[in-house]
Amino acid sequence: MTHAARGRMHQSLVHVKPDASLGLLWSSKPQAFVRPLRCAAIDLSPSASITPTLAHPTSWVMPPAKKRTKHAAKEVQSPSGVGDAESSTSQNPARAPRRKLRGRRGSLHLMPRVPLDVILEILFHLHPRDLLNLSQTSKEFRAFLLSRENAFVWKAARGALPGDLPDPDPFLSEPELANLMFFFSCHVSALTTVTTAPLGRLLTQRGGNWQKCGRGPVHKVIWLWFKRYCAVCLSQMTCLKGEVERRMPNIGMLVRIERCEWGAFLSVVNSRQYESSWNQNVNRCHAPQVDLLEQQCRDVFAAGGGVDEVHKFYQAQRARVKAAAELSEKLEDWSKGERQRRCVEEQRMKDKRFEDVLDRLRQAGWGLELDYRGREIRWDTDGPARDLYKGKPVAKLTDRAWPKVHQSLKGYMTAIREERTAPKTVLQKVDSAIGALYYIPDKPTAIDLAWMPEGETFFTNFVRDVSPVASLVTLWQARFRDQLSAQIVAICPSIPIGIDPLDLAVAVFGCKSCEARPKPAAVPPALRYPHLLSHECFRQHDRWVPDTWPLPIVHAYQQRLHDYELETSRRCPFVVERISMVAATRARAILTTLRRDANQTTAADMEEVGCKLMCIACPAEERLFMFDWSSSVRHDHRAADLIEMTSVEIQELCSHEEFRWYPDAFLAQP
């Protein structure tokens, strides 16, 4: 089939008119691209055959695959039993074990049997990287995709990329561009053997192992040269400006004639940008370009051309170098944009995986731990956010991969749970939240809230959110006031409506622990609300006999708090049963002595009256003491022995030099 017939067949199958300029997309040099292909060089001449067999006008048939044969050695028993076995082993040597391959084998073996228009439609949606990989799967795909006539497939794949990847013509072919932009192996490979003879001699003289490189990954691209070179090949594929001048004396003549710089007709790069082992501030040239320029200069000067021919050659070379520099700049800009887009997409995938891990952890019962850690969990590289800070891309979290991820995070989440439920953490945070309620005079402690029935949910599912503490404190205060009021109502049952029992003059409370001590050791206190909460005996567990916890321990968190308090501060909850009402009973008797109604007389009324009392039961030397009504509650005598003093008695007593006055302020001391 002739070349024209094949062109007409393409027009009829894919309905695409081939462009006459497509042939310019492919370099006339045989080394179309160096790294990914490990086969022999392809003949890209117009007279070359397309190679795929067209058994039908609309089908692309691949030759049948060869049947697999077993190469294992079989022992053949001979009459002697020895010689035949040895000959059998020598004729069928043991075959080396196959290399394990990932994925399914032979998944593309039927693809060449698909109609050509369907194959082309599939190829139009592939990435250039996929096209280059597909060209390595079989000889048929290689010949088809590397044909100049099928350059429109590569152009369609390049046009579908984000951004504006420029047309590489005439410096690179489409496969060369795909290899440069999307593959990260050294470009010195077996295909370099077909380079120009001067370059081949140069590399052979330098002794480099340049024919079998292909190592990678090489992320540094020398854009002016459109190449990727590893550290070993980079030094071999470059030459200094002085070396070029010594090899090519005609170059120096060209520089003097045109009065130009080396960068005008050679792509010169600075070594500092690409290899730290090079000397700094040294300009280097590309050896293949130098070889080509040497050959062209030799041809120009050998032809005996005059100054006009030299000038024409210089202008053409200068234009080519300038165009190559512009193309390299566009490719570099596109590569930077692609790297940025890839980073954004990778970060989006990492964020999506992080959110999926958090959702699955909540479903697995770790929601309280995640709420406790809050936003800080995103910055902890040991937890679910560890994939956010990896330099490599992450895969989507699947049901198959989740058990392994969950198992790796169990230790981290367990540590957070232990920290969340630690008594020290709970008590510190709750006490801090209570201390922030500065407008509340009678504040409970975290231990008081922990033994409230309403605090079970808060302490069992404790997290960093301590907003429920304010409502628990308000509820505890209301309940505590009701309990104290009930104690006062038991002493004064006829309190009128509208009078708060805690405002009455008889609302004086004592401590059973202090009253149980020997009298010379301490004076029993007489405390009013809310100063009652400041008395330390009600909060210290070791001041009570027997030394038992005042409230029952029902929940597990209460047991943890109980054990922690016994080892540290030994605090205990405030219970009303430990309050003594002896002082309130004495205060009621004193008011009765003063002929005042204990059910209606408030503490403010007694302060306005300002009555002064004297104990007639005390010895004569102790009658120099004068009490007001509230301090008299602390006096250890009968209420009937206290008499109200007149103004004359008060004046005479105050004039005595040994007079002692117990004001009402003494009552407020804990």
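See the structure above.
Since we're looking at a predicted model, the values are computed, not measured. (Residues numbered from 1 in each chain as written. Predicted model: local features only at pLDDT ≥ 70, side-chain atom pairs only at ≥ 80, totals over all residues. Heavy atoms only, no water.)

### Some words on the pairing of strand β5 (residues 283-286)
Right, on to step 1. For strand β3 (residues 238-240) and β5, the ladder comprises 3 bridges, and the chain directions are antiparallel. Counted as the bridge partner of Thr 238 is His 286 from β5.
Right, on to step 2. Bridge analysis of strand β4 (residues 269-270) against β5 gives 2 bridges, and the strand direction is antiparallel. What sits directly across from Asn 270, in β5, is Asn 283. (Pairing = 2+ DSSP bridges. Helix = DSSP H or I, 4+ residues; strand = E, 2+ residues; numbered from the N terminus.)

### Description of the nonpolar core
Right, on to step 1. If you look at the biggest cluster of nonpolar residues, it comprises 78 residues, and the most contacted ones within it are Val 430, Leu 449, Phe 459, Phe 480, Phe 509, Leu 532 and Ile 579.
Right, on to step 2. Excluding residues that lie within four positions of it along the chain, Phe 480 makes contacts with Tyr 529, Leu 532, Leu 533, Phe 574 and Val 576.
Right, on to step 3. Listed in part, the 32 residues of the second largest apolar core include Met 111, Leu 116, Leu 132 and Val 153. (Core = buried A, V, L, I, M, F, W, Y, C linked by side-chain atoms within 4.5 Å. Buried < 20%, exposed > 50% of the residue type's maximum accessible area, 1.4 Å probe, protein only. Contact = heavy atoms within 4.5 Å.)

### So, helix α15 (residues 402-420)
Right, on to step 1. The principal kink in α15, of about 40°, is found at Lys 410.
Right, on to step 2. Along α15, the residues classified as buried are Trp 402, Val 405, His 406, Leu 409, Tyr 412, Met 413, Ile 416 and Arg 420. (Bend = angle between axes of the 7 residues up to and from the residue.)

### Let's talk about the environment of Ala 422
Right, on to step 1. Along the chain, Ala 422 turns up in the loop between α15 and α16 (423-435).
Right, on to step 2. For Ala 422 and Leu 561, which are 139 residues apart along the polypeptide, the C-alpha to C-alpha distance reads 8.6 Å.

### Examining the packing of α16 against helix α21 (residues 556-567)
Right, on to step 1. Two elements in contact, α16 and α21, have axes whose closest approach is 9 Å; the angle formed by their N-to-C orientations is 90°. Between α16 and α21, the interaxial angle falls into the category roughly perpendicular. Contacts from Pro 423, Lys 424 and Leu 427 of α16 reach α21 at Arg 560, Leu 561, Tyr 564 and Glu 565.
Right, on to step 2. The residue inventory of the contact of α16 with α21, partitioned by class, reads 4 nonpolar, no polar and 3 charged. (Axes fitted to C-alpha atoms, helices over the stretch in contact; angles between N-to-C directions. Parallel < 35°, antiparallel > 145°, perpendicular 65-115°, else oblique. Nonpolar A, V, L, I, M, F, W, Y, C, P; charged D, E, K, R; others polar.)

### Topic: the packing of aromatic side chains
Geometry of an aromatic ring pair is reported as the spacing of the ring centres plus the angle between the planes.
Right, on to step 1. The tally for this structure, following the rule as stated, stands at 12 aromatic pairs.
Right, on to step 2. Taken together, a centroid distance of 5.1 Å and an interplanar angle of 85° make the contact between Phe 458 and Phe 459 edge-to-face.
Right, on to step 3. Taking relative accessible area as the criterion, Phe 458 reaches 10% and is therefore assigned buried.
Right, on to step 4. A residue is classified by how much of its surface remains accessible, and Phe 459, at 5% relative accessible area, is buried.
Right, on to step 5. Where Phe 459 meets Tyr 557, the ring centres are 5.7 Å apart and the plane angle is 5°; that geometry is what we call stacked. Placement of the pair is Phe 459 in helix α18 (residues 456-460) and Tyr 557 in helix α21, with a sequence separation of 98 residues. With respect to burial, Phe 459 and Tyr 557 carry one shared label: buried. (Phe/Tyr/Trp six-rings, centres within 6.5 Å; stacked < 30°, edge-to-face > 60°.)

### Remarks on the packing of helix α6 (residues 151-159) against helix α7 (residues 174-182)
Right, on to step 1. Relative orientation of the contacting elements α6 and α7 amounts to 35°, with a least axis distance of 9 Å. Taking contact as the criterion, the partners of Trp 154, Lys 155 and Arg 158 in α6 are, on α7, Glu 174, Pro 175, Leu 177 and Ala 178.
Right, on to step 2. Its residues assigned to classes, the contact of α6 with α7 shows 4 nonpolar, no polar and 3 charged.

### Considerations on unusual backbone geometry
Right, on to step 1. For the peptide bond that leads from Asp 169 to Pro 170, omega is 5°, which places it in the cis range.
Right, on to step 2. In the segment running from Tyr 529 into Pro 530, the intervening peptide bond is cis, with an omega of 10°.
Right, on to step 3. When you line up the elements, Pro 530 lands in the loop between α20 (512-515) and α21.
Right, on to step 4. Of note in the backbone geometry, Phe 226 takes a positive phi value of approximately 55° without being a glycine.
Right, on to step 5. Here Phe 226 is to be found in the loop between α8 (197-206) and α9 (231-236).
Right, on to step 6. When its relative accessible area of 8% is taken as the criterion, Phe 226 is described as buried.
Right, on to step 7. One non-glycine residue, Arg 570, adopts positive backbone phi at about 60°.
Right, on to step 8. Summarising the element assignment, Arg 570 is placed in the loop between α21 and β7 (579-580).
Right, on to step 9. Note on Arg 570: relative accessible area 24%, which makes it partly exposed.

### Overview of the pattern of salt bridges
Right, on to step 1. Evaluation of the coordinates by the stated rule reveals 23 salt bridges.
Right, on to step 2. Arg 417 serves as the salt-bridge partner of Glu 369, at 2.9 Å between the closest nitrogen and oxygen. Highlighted residues: Glu 369 in helix α14 (residues 367-373) and Arg 417 in helix α15, separated in sequence by 48 residues.
Right, on to step 3. Residue classification places Glu 369 among the buried residues on the basis of a relative accessible area of 1%.
Right, on to step 4. Put simply, Glu 565 and Arg 571 hold a salt bridge, and the shortest N to O gap is 3.2 Å. Accessibility assignment for this pair places Glu 565 and Arg 571 in one class, buried.
Right, on to step 5. The network of salt bridges with shared partners includes Arg 158, Asp 167 and Glu 174. (Salt bridge = Lys/Arg side-chain N within 4 Å of Asp/Glu carboxyl O.)

### Points about the environment of Ser 432
Right, on to step 1. Residue position: Ser 432 is located in helix α16.
Right, on to step 2. Counting along the chain gives 13 residues from Ser 432 to Thr 445, while the straight-line C-alpha distance between them is 9.8 Å.

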